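# Examination of the molecular architecture
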Amino acid sequence: MGGHRYRIRRRLLTALLPLALTGCAAGPGGGATGQVAGNASSVIGNAPSAIGNVPSVTGTAPSVTGGSTAEPGATASSTASCAEQIAGTLDARAKAGQLLVVGSALPDPIGAGLDLVHRIGPAGVLLAGRSRSGVDAVAQRTSRLQRAATAADDRIGMLVAADQEGGQVQALSGPGFSTIPTAAEQGSWSAAKLTGAATRWGGELKAAGVNLDLAPVTDVLSPALGSRNTSVGVSRRAYGTEPDAVRGSVLAFLAGLRNAGIATSVKHFPGLGQVAGNTDFSADVRDTTTGPDSASLGPFRAAVDAGVPLVMVSSAVYSRIDSSSPAAFSEPVIGGLLRGRLGFTGVVVSDDLGRAVAVASVPPGGRAVRFVAAGGDLVLTVDPQTAEPMLDGLVDRMAVDPGFAAQVDAAVRRVLAAKAALGLLRC
């Protein structure tokens, strides 16, 4: 996420379909450097084979909720139909819930998280913090969270997300989880090696019931800043300082996670590599370098062209794109640059809007409203106490603003389509 925590235009469902391990009719669930750039074509260049029709390395994974397994006849049109069908039955509060991803603190007791899932029906949870308990213990936790979600509406499962980048940002460890090196080290590997390792890491997440990795960091680090960059430099979260090298590593990582059937989110668009400050801890972090044609956008553009399902937007201000608003609240950044110029049709998720100092001056409800109004889909908050004010803010704005209500409807359809492609809807 912001400081701590990712033109072949194609329709969202086509891009997400390879992740459909369990078809729309199945039960909701998840189941228990230059060197890289130079070799990237061997793993990524052939998009249909490297990213398109890939088998799951974990086989046919059982549903977290004990539902059925793969539905071989699932198609883009069937997942679209399922998402549209369910979206049309949701009331305003349920729609707003489907635009929230809420922190479930690790390793705290799960009771408060279960209660929140019952009360607001969020689109997903983020396993926030750190757990060293291993795959089996995490799987037990995620299974209970999924059961809580489907108890409220058995047609809709939840996104279960984690920050599993490597190095200092590896939320889940312990028995069954590999120790993942920093992105800086990963960036020195060949594409084949990185894709193979990421496939293994994704399989571990799948076994733990995690279906979304908020990774990889796609920011190009300024060589002039280096470790003075407190977002991704000092912690070695960036793959490198050259856009082509970063591009190769990002695509290799994405291919591996897709092999394992795990959704991914490149971050932090349009990049935190050119700033010194950290949006989690500082207000008015301002990038005066990145513009719509900057080379540092190249890795994001490549990920979009490769069909990445989610893009995370940062909370820094980008003076050459929109000097008046943080990117997460900026229509020129989200609607104009990401969706317009880059052609992204998938799910836009915010960086943390719960505790980040960069957005603290805006009330929680206003943060959610401004993000969706700018073109965003999933509001991410690591602070569960902000979830209900955010939900209420969305519902209240929908009631008085038909244009905003239409934006919510479109966002809900994109989120549900992503869930359908992951086998998280039942129609």
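Residues numbered from 1 in each chain as written. Predicted model: local features only at pLDDT ≥ 70, side-chain atom pairs only at ≥ 80, totals over all residues. Heavy atoms only, no water.

### What to know about unusual backbone geometry
Of note, the bond from Ala215 into Pro216 is cis; its omega dihedral lies within 30 degrees of zero at 10°. On the secondary structure map, Pro216 appears in the loop between strand S6 (212-213) and helix H10 (243-259). With omega at -5°, the peptide bond leading from Phe269 into Pro270 counts as cis. Within the secondary structure, Pro270 is located in the loop between strand S7 (263-269) and strand S8 (286-287). One non-glycine residue, Arg236, lies in positive phi territory at about 60°. As for its placement among the helices and strands, Arg236 is situated in the loop between S6 and H10. (Helix = DSSP H or I, 4+ residues; strand = E, 2+ residues; numbered from the N terminus.)

### Some thoughts on the environment of Val372
With respect to the element layout, Val372 can be found in helix H13 (residues 364-373). Counting along the chain gives 41 residues from Val372 to Glu331, while the straight-line C-alpha distance between them is 9.4 Å. Those residues in contact with Val372, other than ones at most four positions away along the chain, are Leu99, Val379, Leu394, Phe404, Gln407 and Val408. (Contact = heavy atoms within 4.5 Å.)

### Notes on the pattern of salt bridges
This structure, assessed with the given rule, holds 14 salt bridges. A salt bridge links Asp409 to Lys95; its shortest N-O distance comes to 2.8 Å. Linking Asp409 in helix H15 (residues 402-421) with Lys95 in helix H5 (residues 92-97), this pair joins segments that are 314 residues apart in sequence. Note that Lys267 and Glu165 form a salt bridge whose closest N and O atoms lie 2.8 Å from each other. A residue pair is termed long-range when its members are at least 10 positions apart, and Lys267 in strand S7 and Glu165 in strand S4 (residues 164-166) qualify at 102 residues. With respect to burial, Lys267 and Glu165 carry one shared label: buried. (Salt bridge = Lys/Arg side-chain N within 4 Å of Asp/Glu carboxyl O. Buried < 20%, exposed > 50% of the residue type's maximum accessible area, 1.4 Å probe, protein only.)

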